[in-house]
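Each chain is listed here by its residues.
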Number of protein chains: 2
Amino acid sequence: MTAAFSFRVDATDGKARTGLISTPRGDIRTPAFMPVGTAGTVKAMLPESVRATGADILLGNTYHLMLRPSAERIARLGGLHRFMNWDRPILTDSGGFQVMSLADLRKLTEEGVTFRSHVDGSRHHLSPERSMEIQRLLGSDIVMCFDECPALPADEKRVAESMRLSMRWAERSKAAFGDRPGHALFGIMQGGVTPELRAESAQKLKEIGFDGYAVGGLAVGEGQAAMFSVLDYAPGLLPADRPRYLMGVGKPDDIVGAVMRGIDMMDCVLPSRSGRTGQAWTRRGQVNIKNARHMDDPRPLDEDCTCPACRSYSRAYLHHVFRAGEIIASMLLTWHNLHYYQELMQGLREAIAAGRLDAFARAFDAQRAAGDIEPI
Amino acid sequence: MTAAFSFRVDATDGKARTGLISTPRGDIRTPAFMPVGTAGTVKAMLPESVRATGADILLGNTYHLMLRPSAERIARLGGLHRFMNWDRPILTDSGGFQVMSLADLRKLTEEGVTFRSHVDGSRHHLSPERSMEIQRLLGSDIVMCFDECPALPADEKRVAESMRLSMRWAERSKAAFGDRPGHALFGIMQGGVTPELRAESAQKLKEIGFDGYAVGGLAVGEGQAAMFSVLDYAPGLLPADRPRYLMGVGKPDDIVGAVMRGIDMMDCVLPSRSGRTGQAWTRRGQVNIKNARHMDDPRPLDEDCTCPACRSYSRAYLHHVFRAGEIIASMLLTWHNLHYYQELMQGLREAIAAGRLDAFARAFDAQRAAGDIEPI
């Protein structure tokens with residue numbers, strides 16, 4: 001345990017890096033995948049089970065938590081870690097993205113955003129200053145700047161204006177965050193799919209200076225090819241000695257591609273959400289457990305997987321409990337998916353350390369291509 | 001592990017007994033509470049968590065399992081134990097009670113019952129012979145006779161006719177069960193609230209001869225006073241050297257009262273179902289976690305409880321996740337309730353062994369009366 005937030009790169013392979021983020025609440029092995037604990041719980045999982053999958057850090061959603069049960073209430077109860085029984089690092093998003101995608105009656109000004117809660121219709125306000133305050137009340141270890149981002153494809157003028165607003169908000173976020181030893185503040189690069197805007201955003205963020213840098217504004221509808229085309233150059237615009245975080249990504253092949261392009265951290269609801277809808281990710285592609293073909297199948301989801309779902313249950317059982325609407329279906333499939341994601345990250349870290357990332361990525365593609373992939 | 005099914009009484013206190021049922025799949029400490037794994041899962045729990053609460057045996061429902069995924073399918077997959085990942089004893093009910101309460105378009109004859117599935121409308125048949133076959137296919141350790149029982153209050157003539165039909169079915173069940181070393185067949189006493197009918201039923205069952213005897217036809221609407229008035233004499237009509245099982249009971253105070261009247265085994269969906277609806281059973285009465293009074297309460301559900309929900313979470317957290325519709329709410333409250341029930345059973349067993357059951361029961365009543373009971 002260290003008192004300060006720090007990052008070191010232990011090995012590189014091409015643009016990919018493996019290393020360690022240290023925080024007072026524990027270390028984060030990179031590249032890292034962060035399960036999403038939206039409203040104070042990684043859905044259908046106990047936190048000790050999330051940890052057992054290999055997760056070093058969780059993501060919490062400022063937007064959801066500020067609305068219910070409220071940041072002030074969580075602070076009175078001892079902070080988010082204690083509230084949700086997770087004593088390792090937590091990264092919180094700023095609320096900006098989810099206000100834009102979930103809230104009602106949004107009004108965006110230079111100052112910030114006012115909106116109505118999708119839960120109960122109550123009025124709320126977010127700004128760089130309020131987002132920093134909420135994330136401080138939650139006790140977040142890694143705090144994200146308050147930003148705004150348009151869905152893609154979007155008009156380049158709209159993307160540029162939005163990016164510049166986010167950069168002004170990044171400056172205000174930094175000022176409001178202040179000096180909090182052991183806690184980190186990450187800036188968020190915007191600029192859509194336009195290299196000049198990405199470069200301008202990166203330059204501005206570096207001038208302000210952050211503990212880490214996120215690539216924002218991707219995974220918002222642009223598709224993998226467009227996302228990779230940005231990731232081909234965007235991480236290189238950011239300081240090499242700070243962690244680079246790709247927000248809201250992604251599918252397993254997105255993750256492999258992002259890591260190969262120099263990304264250190266990612267988060268996504270996909271493994272947990274897919275689990276609740278009967279989708280499992282395996283080495284051999286996806287399994288849709290709802291499919292009748294699994295009804296009599298005594299095999300586990302993935303014969304090479306050591307998670308509790310694969311060790312102890314047949315596809316036939318998982319099919320049955322999913323069809324019967326049993327909670328254990330969500331519990332087991334979510335556990336499997338999170339385990340699969342964390343094993344993928346461990347494989348990537350080991351491959352980078354050994355200088356065999358290309359071979360790892362080729363084997364990853366080949367194994368999936370040979371598998372019993374079922375379209376979702 | 002023994003190859004045979006056996007029961008021994010280790011100590012008595014008044015009419016109450018504590019002892020051990022031995023089966024090839026493991027021992028069952030009595031008095032025992034059996035969590036209900038309706039459709040191949042104790043809802044919202046992993047089987048290893050059910051075991052961690054102290055459960056020695058689960059109950060499975062023939063009616064649910066025969067309809068989905070079907071007894072033949074479970075048999076092909078290696079039996080119910082393997083299917084649901086529970087290697088300890090399983091008791092299955094006969095399907096009779098649930099056909100009467102859940103199925104559509106029932107037609108009852110001397111031979112058996114035809115009905116339509118409440119799941120998909122398909123036609124099915126149950127009889128003593130078919131129920132024995134299904135329970136054999138499931139691999140049940142303790143098999144229940146196929147019976148029929150009216151809801152109470154009911155006309156005495158109807159109760160008598162139903163009881164005599166169940167006794168004829170008990171004879172057919174015994175014949176169809178055959179000789180299955182290591183597996184037990186329990187008869188079910190009927191007769192409503194009429195002592196003469198209970199005596200006639202007990203006599204008939206003893207003539208047939210069973211490995212254990214259930215008191216059936218209670219907890220079907222008659223209320224605790226009427227149930228206890230039957231339990232004041234009914235267990236004494238059954239052989240003292242065989243386990244006595246009270247089906248479908250009950251609330252914690254029902255359980256204490258039943259054990260004091262000589263009952264050895266019970267089952268009920270209450271702890272798991274209550275967990276999913278936000279009700280927790282504690283030493284100090286019930287907690288309705290939905291209640292707004294818990295919104296800021298940093299205390300656990302029960303300060304004297306060592307279950308994972310009480311060790312690591314506040315009432316405020318449980319209130320939050322319940323209100324937010326999070327699966328973890330059902331997981332934690334179910335775990336707590338099953339833990340509470342198993343601790344109650346352990347307390348009863350120890351009190352009987354020490355000859356202080358009356359004091360235990362008085363303390364149980366007093367603690368609940370002094371607690372923050374919230375009506376459901």
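Nothing here was measured: the structure is a model prediction, and the numbers come from that model. (Residues numbered from 1 in each chain as written. Chains lettered and ligands numbered in written order. Predicted model: local features only at pLDDT ≥ 70, side-chain atom pairs only at ≥ 80, totals over all residues. Heavy atoms only, no water.)

Q: Run through the environment of B:Phe364, naming residues and quoting values.
A: All names here are of chain B. Examined against the element boundaries, Phe364 turns out to sit in helix α15 (residues 357-370). The exposure class assigned to Phe364 is buried, which follows from its relative accessible area of 8%. Separated by 229 residues in the primary sequence, Phe364 and Gln135 have C-alpha atoms spaced 37 Å apart. Beyond its immediate stretch of four places on either side in the chain, Phe364 contacts Pro252, Asp253, Val256, Tyr340 and Leu344. (Helix = DSSP H or I, 4+ residues; strand = E, 2+ residues; numbered from the N terminus. Buried < 20%, exposed > 50% of the residue type's maximum accessible area, 1.4 Å probe, protein only. Contact = heavy atoms within 4.5 Å.)

Q: Can you break down the interface of chain B and chain A residue by residue, with the values?
A: Across the boundary between the two partners, chain B contributes 38 residues, which contact 38 residues of chain A. With both sides pooled, the region where chain B packs onto chain A buries about 3100 Å², and carbon together with sulfur makes up 61% of that total. The largest per-residue losses of area from chain B upon contact with chain A belong to B:Leu46, B:His320 and B:Ile327, which jointly make up 18% of the total buried on that side. There are 6 salt bridges connecting chain B and chain A. (Buried area = accessible area lost by both parts, 1.4 Å probe. Salt bridge = Lys/Arg side-chain N within 4 Å of Asp/Glu carboxyl O.)

Q: Could you give me a rundown of the pairing of strand β7 (residues 104-108) of chain B, with the residues and numbers involved?
A: Two strands pair when backbone bridges link them, and β7(B) and strand β8 (residues 113-116) of chain B are joined in this way by 3 bridges, in the antiparallel orientation. Considered in β8(B), the bridge of B:Lys107 is made with B:Thr114. (Pairing = 2+ DSSP bridges.)

Q: Summarise the UniProt feature "binding site: substrate" (unreviewed entry) in chain A; cite the residues concerned and give the values.
A: All names here are of chain A. Mapped onto this numbering, the UniProt entry gives "binding site: substrate" (unreviewed entry) at Asp93, Ser94, Gly95, Gly96, Phe97, Asp147, Gln190 and Gly217. Using a relative accessible area of 44% as the deciding quantity, one classes Phe97 as partly exposed. Once residues within four sequence positions are removed from consideration, Phe97 is found in contact with Asp147, Cys149 and Val220. Along the polypeptide, Gln190 turns up in the loop between β11 (184-189) and α8 (195-208). Setting aside residues up to four positions removed in sequence, Gln190 forms contacts with Asp147, Glu148, Cys149, Met163, Ser166, Met167, Leu197, Arg198, Ser201, Gly216 and Gly217. Here the side chain of Gln190 touches Asp147 through a polar contact of 2.8 Å, side chain to side chain. (UniProt positions renumbered as here; feature names shortened; annotations may be inferred. Polar contact = N/O pair within 3.5 Å; in protein donor to acceptor, adjacent residues only side chain to side chain.)

Q: I'd like a description of the pairing of strand β4 (residues 32-35) of chain A, backed by residues and values.
A: For a regular strand, side chains alternate in direction, first toward one face of the sheet and then toward the other. Residue and element names in this part refer to chain A. Covered by surrounding structure in β4 are Ala32 and Met34 together with Phe33 and Pro35, the residues of both alternating faces. Note that β4 and strand β14 (residues 265-268) share 4 bridges and pair parallel. Across the sheet, Phe33 pairs through a bridge with Met266, a residue of β14.

Q: With reference to specific residues and values, describe the packing of helix α9 (residues 224-231) of chain B against helix α10 (residues 252-260) of chain B.
A: Residue and element names in this part refer to chain B. For the pair α9 and α10, the least separation of the axes is 10 Å and the interaxial angle reads 15 degrees. The angle between α9 and α10 places the two elements in the roughly parallel class. Like other packed secondary-structure pairs, α9 and α10 cross with a definite hand, here right-handed. Side by side, α9 and α10 meet where Gln224, Met227, Phe228 and Leu231 of the first sit next to Asp253, Asp254, Gly257 and Ala258 of the second. Class assignment of the residues belonging to the contact of α9 with α10 gives a composition of 4 nonpolar, 2 polar and 2 charged. (Axes fitted to C-alpha atoms, helices over the stretch in contact; angles between N-to-C directions. Parallel < 35°, antiparallel > 145°, perpendicular 65-115°, else oblique. Left-handed = near helix turned anticlockwise from the far one by under 90°. Nonpolar A, V, L, I, M, F, W, Y, C, P; charged D, E, K, R; others polar.)

Q: I'd like a rundown of the domain arrangement of chain A, residues and numbers included.
A: All names here are of chain A. By domain assignment, chain A separates into domain 1 (6-268) and domain 2 (275-368). Between the C-alpha centres of domain 1 and domain 2 the distance comes to 27 Å. Contacts between the two partners involve 30 residues from domain 1 and, on the opposite side, 26 residues from domain 2. Surface buried jointly by domain 1 and domain 2 totals about 2400 Å² across both partners, of which 74% is contributed by carbon and sulfur atoms. (Domains from an automatic or database assignment.)

Q: Run through the packing of aromatic side chains, naming residues and quoting values.
A: All chains considered together, the criterion is met by 16 aromatic pairs over all chains. Ring centres of B:Tyr340 and B:Tyr341 lie 6.1 Å apart, and the angle between their planes is 80 degrees; on these two criteria the pair is classed as edge-to-face. Neither residue differs from the other here; B:Tyr340 and B:Tyr341 are each classed as buried. What links up through ring pairs into an aromatic cluster is the set A:Phe33, A:Tyr340 and A:Tyr341. Cation over ring: A:Lys174 sits above A:Phe210, and NZ or CZ is 5.9 Å from the ring centre. (Phe/Tyr/Trp six-rings, centres within 6.5 Å; stacked < 30°, edge-to-face > 60°. Lys NZ or Arg CZ within 6 Å of the ring centre and 35° of its normal.)

Q: How would you explain the nonpolar core if you had to name every residue and give the values?
A: Within the largest apolar cluster, 104 residues are counted, with the highest numbers of intra-cluster contacts made by A:Phe115, A:Tyr317, B:Phe115 and B:Tyr317. Sequence-distant contacts of A:Tyr317, defined by excluding residues within four places in its chain, comprise A:Ile328, A:Leu332, B:Gly40, B:Thr41, B:Phe83 and B:Met84. (Core = buried A, V, L, I, M, F, W, Y, C linked by side-chain atoms within 4.5 Å.)

Q: Describe the sheet that holds strand β8 (residues 113-116) of chain A, naming the residues involved and giving the relevant values.
A: Residue and element names in this part refer to chain A. Reading across from one edge, β7-β8-β9 is the order of the 3 strands in this open sheet, with antiparallel pairing throughout. The open sheet is flanked by β7 (104-108) and β9 (123-126), the only strands paired with a single partner. When the angles between neighbouring strand axes are averaged without regard to direction, this sheet yields 15 degrees.

Q: I'd like to hear about the sheet that holds strand β13 (residues 244-246) of chain A, residue by residue, with values.
A: All names here are of chain A. Strand order in the open sheet formed by 8 strands is β4-β14-β13-β12-β11-β10-β6-β5, with parallel pairing between adjacent strands. Every interior strand has two partners, whereas the edge strands, β4 and β5 (58-60), have only one. The mean inter-strand angle of the sheet, taken between neighbouring strand axes irrespective of direction, is 25 degrees.

Q: How would you sum up unusual backbone geometry? Please name residues and give values.
A: Residue and element names in this part refer to chain A. The residue after Val249, namely Gly250, is reached through a cis peptide bond having omega 5 degrees. Checked against the element boundaries, Gly250 lands in the loop between β13 and α10 (252-260). Despite not being glycine, Ala219 shows a phi value in the positive range, around 55 degrees. Within the secondary structure, Ala219 sits in the loop between β12 (212-215) and α9 (223-231). Relative accessible area serves as the criterion here: at 36%, Ala219 is assigned to the partly exposed category.

Q: Pulling in residues and values, what's your account of the UniProt feature "active site" (unreviewed entry) in chain A?
A: Residues and elements named next belong to chain A. Here the UniProt-annotated "active site" (unreviewed entry) positions come out as Asp93 and Asp267. Spanning 175 residues, the named residues nonetheless gather at one spot, since no C-alpha pair among them exceeds 10.5 Å. Secondary-structure assignment places Asp93 in the loop between β6 (90-92) and α5 (96-102). Assessed through its relative accessible area of 10%, Asp93 is described here as buried. In this structure Asp93 touches Gly60, Asn61, Thr62, Tyr63, Gln98, Gln135 and Met144, once residues within four positions along its chain are discounted. Mapping Asp267 onto the fold places it in strand β14. Judged by relative accessible area, which is 8%, Asp267 ranks as buried. Beyond its immediate sequence surroundings of up to four residues, Asp267 is in contact with Phe33, Met34, Val36, Leu59, Tyr245, Leu246, Met247, Gly248, Val249 and Gly250.

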